[in-house]
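Each chain is listed here by its residues.
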Amino acid sequence: MTGRSVPGRGLFKGLVVTLTTMFKTIFLPRRHLATVNYPKVKETPVPRARGVIALDQEACTVCMLCARSCPDWCIYIEGHKEEIPPDKPGGRIKVRAKLDRFDIDYALCMYCGICVEVCPFDALFWSPEYEYSEPKMGAMMHDMDRLQDWLKTVPEQPGLEK
Ligand code: SF4
Ligand code: SF4
C-alpha cells in the first residue's frame, strides 16, 4: 500500500530550495556559490577542458582519418598534392599533401574528442577557450584559419613523468 501524499508538499519543497538559494546568493560571499554571474564574472576552465579544437595546419597531412572517424561527420577536408624539389641535384622529388579546406561545424560537434585522439600527426589539440557562441548556427562553422588561430590558446603540454 502506498502512503498518501500531502497536497502541496512538492510545491513547498520547491519553494524551500528557491528561497534557500536566493538567500545564499544575497548573503553568502561569492566564493561559496556554485555558479558565477557570467558574463560579468568568468570562470577559468581547467587546462584539459574541451572548449574548442585547434588545428596545426603545418602538421596536418590531409590523411582524412579525423574526418572519417568523426561520428557526427562535421569535419570537412579538401587538399591537393604538391611537389617539393629535391634538396640536392639528382635527388628525388618529394610529394606533399597541402590543405585547401579544413572546417569543423561546431553546431554539429558533440565534443567527443575522437578526432584529437586519432590524429597520428598531432595536428589537433583541445583548447579550453569556450567563448565562441554565435547568434546564427551557420556561423558555428570554423574554417582552417580560425582553427589555426585557436592554437595560441592551447596550454603547454605538461612534461613527462620521470
Ligand atoms: S570532437 Fe567528436 S564530434 Fe567533434 S569534430 Fe571531433 S570527432 Fe567530430
Ligand atoms: S587526422 Fe590529423 S593529419 Fe589527418 S587529416 Fe585529420 S588533422 Fe590532418
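Above this note sits the structure.
Since the model is a prediction, treat every value here as computed from it, not as a measurement. (Residues numbered from 1 in each chain as written. Chains lettered and ligands numbered in written order. Predicted model: local features only at pLDDT ≥ 70, side-chain atom pairs only at ≥ 80, totals over all residues.)

Undergrad: Explain unusual backbone geometry to me, using residue names and the numbers behind them.
TA: The omega torsion of the bond from tyrosine 38 to proline 39 falls at 10 degrees, within 30 degrees of zero and hence cis. Examined against the element boundaries, proline 39 turns out to sit in the loop between α1 (9-27) and β1 (52-55). Despite not being glycine, valine 62 shows a phi value in the positive range, around 55 degrees. Looking at where valine 62 falls in the secondary structure, it is placed in the loop between β1 and α2 (65-69). Phi at tyrosine 111 is positive, roughly 60 degrees, even though this residue is not glycine. Residue classification places tyrosine 111 among the exposed residues on the basis of 12 C-beta atoms within 10 Å. (Helix = DSSP H or I, 4+ residues; strand = E, 2+ residues; numbered from the N terminus. Buried ≥ 20, exposed ≤ 12 C-beta atoms within 10 Å, placed from the backbone.)

Undergrad: Lay out the sheet that holds strand β3 (residues 94-105) with the relevant residues and their values.
TA: With antiparallel pairing, the 3 strands of this open sheet are ordered in space as β2-β3-β5. Only two strands of the sheet have a single neighbouring strand rather than two, namely β2 (75-84) and β5 (141-142). As paired elements, β3 and β5 share 2 bridges and run antiparallel to each other. Across the sheet, aspartate 105 pairs through a bridge with methionine 141, a residue of β5. (Pairing = 2+ DSSP bridges.)

Undergrad: Residue-level account of the site of ligand 2, with values.
TA: Contacts to ligand 2 come from Cys60, Thr61, Val62, Cys63, Met64, Leu65, Cys66, Ile77, Cys119, Phe121, Ala123 and Leu124. Of the residues that constitute the shell around ligand 2, the class distribution is 11 nonpolar, 1 polar and no charged. (Near = placed C-beta within 6 Å. Nonpolar A, V, L, I, M, F, W, Y, C, P; charged D, E, K, R; others polar.)

Treat this as a map of the structure, not an account of what it does.
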